[in-house]
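Structural description and commentary
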Amino acid sequence: CNQPQPHVALLPSAGMGHLTPFLRLAAMLASRSCTVTLITIQPTISEAESTHITSFFATHPHINRLDFHVHPSAPSDTTTDDPFFIRFGAISHSGHLLGPLLCSLSPPLSAIFSDFILTSGVSQVCEHLCIPNYTVITTSARFYSLMACLPYLSLEDHAKTGGSDNDVEIPGLGSLPPSIIPPPLFNSNHLFTNIIETNARFLPKAKGIFLNTFDGFEPETITAQNNGEVLTNLPPVLPIGPYEPYELKQGHHIPWLDDQPAESVVYVSFGSRTTMSKDQVRELGKGLKRSGHRFLWVLKASKVDKDDKEGVEELLGHSFLEETKNEGIVVKEWVQQEEILAHPAIGGFISHCGWNSVMEAAQTGVPVLAWPQHGDQKVNAEVVEKAELGIWARHWGWGGQKLVKGEEVAEKIVELMGDHILRANAKKVGQEARKATKVGGSSDKADSKTPSASPP
Ligand code: BUP
C-alpha cells in the first residue's frame, strides 16, 4: 500500500459461500500491509463458519476481529424456512446499526468492503463517515447483472402474463430463459427477492463492485457492465479474481488421492448448504458406480452441518460401500476443496456451481459437470458452459424437480471424463485464470484501482 496506510473493514454475510471470499480478500489486503478489520456476523448458522473464523484469526493474528451480533431472525416472513435466507434477511435489515461500531474504529476507516446484501445499510453508514463503500459480489458477473436489474424487470408480471415460455431480456446480457432464473424471483413477496431488490437500489451509491471473476472468463458481461449497458448509473466493476486461497490448515486431508492415477478421479461436491433427496443421493451413487470411474464424494445430508447426523452407510447402504471400496470414497467431513481440485489425480468435478467452486475449478483447470440445484447456480452453469470449462445437462432441472436416474448420471460422467477437447479447454481456462492474477494480468490491473493500491 502507499502511505498513509489504508484501514479497510470487511463485512461478510452468512454461509461459507459468502464468508470464504471475504477471508481471501482479508488475507490479500493484509499481505499488502493494509490495516484490516474483519467483522464477523454472530451467531453463525453453520459449524463450518465458526471453525473457519476461529482458525483464520489464529493464523492471521495481525487482522483485527470485531463481532457484530445480529438478531437471529428476519422481520416476520413466511415465504421461506431456509435458515440461510432467514439470516440473510436479518443481516440485510441490520446494516444501518453498524454505524457506532464502525465510527469507533482506530485508525479511522478508509473504506468498507461489504457483501451485496448489506449495500443498503452500509451505504448510509459510509455516507455518514464520508468514506467509500465497495460492494463485494459473491456470484458471477452474469448473476450480478440480473440482481442489479431486478427492481426494474417486473418478473412477477412477466410470469402472470404467460411469460414462462418467453425469455427475459436483461440489458447488456441478452435474454435469459425463465427456467434458469431462480423461481423465488418471480414472487415479489419472497424474502430472497426483497433482499435483492432492496440492496440493488443502493448499488449506484457504491464506489465500485468487486467481482471474483476475470476478464477472460466473462468477457462480454464485464464489458457490458463497464460500458453502462446494464444500467447507466452502476459503479464500475472490478474483476479481480480468481481470489487466491489463504493459508489455512482447516479440513480433512485425503491421502487416498495420492495413490490414484493422474486425472482418474471424479470429485463430487454440492457445496456447503445444498442437500439432495435420499433417492437422488442413491441414484447419484449408482451413477458413479456405473460410470466405472474412481470418485471422491463429499456427501451432505442436511442444509446446516450441525443437523447432519446420518452416516454414509445409512445414506448409501453397506453394499454400495462394499462394492465401490476399491474405486471411490465418500466423506462427510469438511475437506480442503482447493487442495483436492489442485491434486493431479482429479480429472473432473461434479459441481452445483456455487460461484466459489466454479472459480476454484477455473483456477485449477478442472473440467466441470454442472448440476445446479438452486439460486444463482443455473446462471453460473451457463457461464461455465460458455467459457468451455464444463458441460451441463440442462434438462435435469432444479434440484428436486425430477429424479435423475443413475444411468443418466453415469452417461454424463463418462462424457465428462472422456472428452479430451473439454479437458484441453479447461486447462486453457486454468492458464488464463492464473495469468489474470499475475503482475500485468487483467485482474491485477483491475486490482490496482482499489483502495489497497492507492490512498483514499
Ligand atoms: Br462442502 C465444502 N470443503 O468440504 P460455493 C466446501 N468447501 O473447502 P456454497 C470446502 O466452500 P453459495 C468442503 O471450496 C468453496 O470455497 C469450497 O462455496 C469450500 O458453494 C466453498 O462453491 C463453498 O460458492 O455457497 O457453499 O453452496 O450457496 O453461497 O454459493
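Overview of the structure. (Residues numbered from 1 in each chain as written. Predicted model: local features only at pLDDT ≥ 70, side-chain atom pairs only at ≥ 80, totals over all residues. Heavy atoms only, no water.)

With respect to spatial proximity, 16 residues lie near the ligand, and among them S272, V335, H352, S357 and E360 are the closest. Note that an oxygen atom of the ligand is positioned 3.2 Å from one of the side-chain N or O atoms of Q337. Between an oxygen atom of the ligand and a main-chain N or O atom of W355, the distance comes to 3.4 Å. Protein coverage of the free-state accessible area of the ligand, which is 630 Å², stands at 94%. The set of elements that each furnish at least two residues to the shell around the ligand consists of α1 (16–30) and α14 (355–364). (Near = heavy atom within 4 Å. Polar contact = N/O pair within 3.5 Å; in protein donor to acceptor, adjacent residues only side chain to side chain. Areas by Shrake-Rupley, 256 points an atom, 1.4 Å probe, with all protein chains shown as cover. Helix = DSSP H or I, 4+ residues; strand = E, 2+ residues; numbered from the N terminus.)

Ranked by size, the top nonpolar core spans 96 residues in total, and within it L102, Y144, F217, L257, Y267, L296 and L389 carry the most contacts. Listed in part, the 30 residues of the second largest apolar core include M16, F56, F210 and Y243. (Core = buried A, V, L, I, M, F, W, Y, C linked by side-chain atoms within 4.5 Å. Buried < 20%, exposed > 50% of the residue type's maximum accessible area, 1.4 Å probe, protein only.)

So, about the side chain of T213. The residue T213 is located in the loop between β8 (208–211) and α9 (219–226) in this model. Only 2.8 Å separates the side chain of T213 from the side chain of E218, close enough to count as a polar contact. Apart from the residues within four sequence positions on either side, T213 is in contact with A141, E218, I222, P239, I240, G241, W355, M359 and S443. (Contact = heavy atoms within 4.5 Å.)

Further remarks concern the pattern of salt bridges. According to the stated counting rule, one finds 22 salt bridges in the structure shown. Measuring nitrogen to oxygen at the nearest pair gives 2.9 Å for the salt bridge that ties K278 to E310. Taken together, the residues K278 in helix α10 (residues 278–291) and E310 in the loop between β11 (294–298) and α11 (312–316) connect sequence positions 32 residues apart. K325 serves as the salt-bridge partner of E322, at 2.5 Å between the closest nitrogen and oxygen. Judged by its relative accessible area of 39%, E322 is partly exposed. Since its relative accessible area comes to 48%, K325 is described here as partly exposed. (Salt bridge = Lys/Arg side-chain N within 4 Å of Asp/Glu carboxyl O.)

The next subject is the sheet that holds strand β13 (residues 346–351). To summarise the sheet geometry, strands pair through backbone hydrogen bonds and adopt either a parallel or an antiparallel arrangement. Read across the sheet, six strands follow the order β12-β11-β10-β13-β14-β15 without closing on themselves; strand pairing throughout is parallel. The open sheet terminates on both sides in strands that have one partner only, identified here as β12 (328–331) and β15 (390–392). The average undirected angle you get between the axes of adjacent strands in this sheet is 15°. Two elements, strand β10 (residues 265–269) and β13, share five bridges in a ladder whose sense is parallel. Among the inter-strand pairings, V266 is bridged to a residue of β13, identified as G348. Most of the contacts of helix α15 (residues 377–386) go to β15, to which it runs at about 135°, and overall it touches β14 (368–370) and β15. Taken strand by strand, helix α16 (residues 406–418) contacts β10, β13, β14 and β15, and its axis lies near 140° from that of β13. (Pairing = 2+ DSSP bridges. Axes fitted to C-alpha atoms, helices over the stretch in contact; angles between N-to-C directions.)

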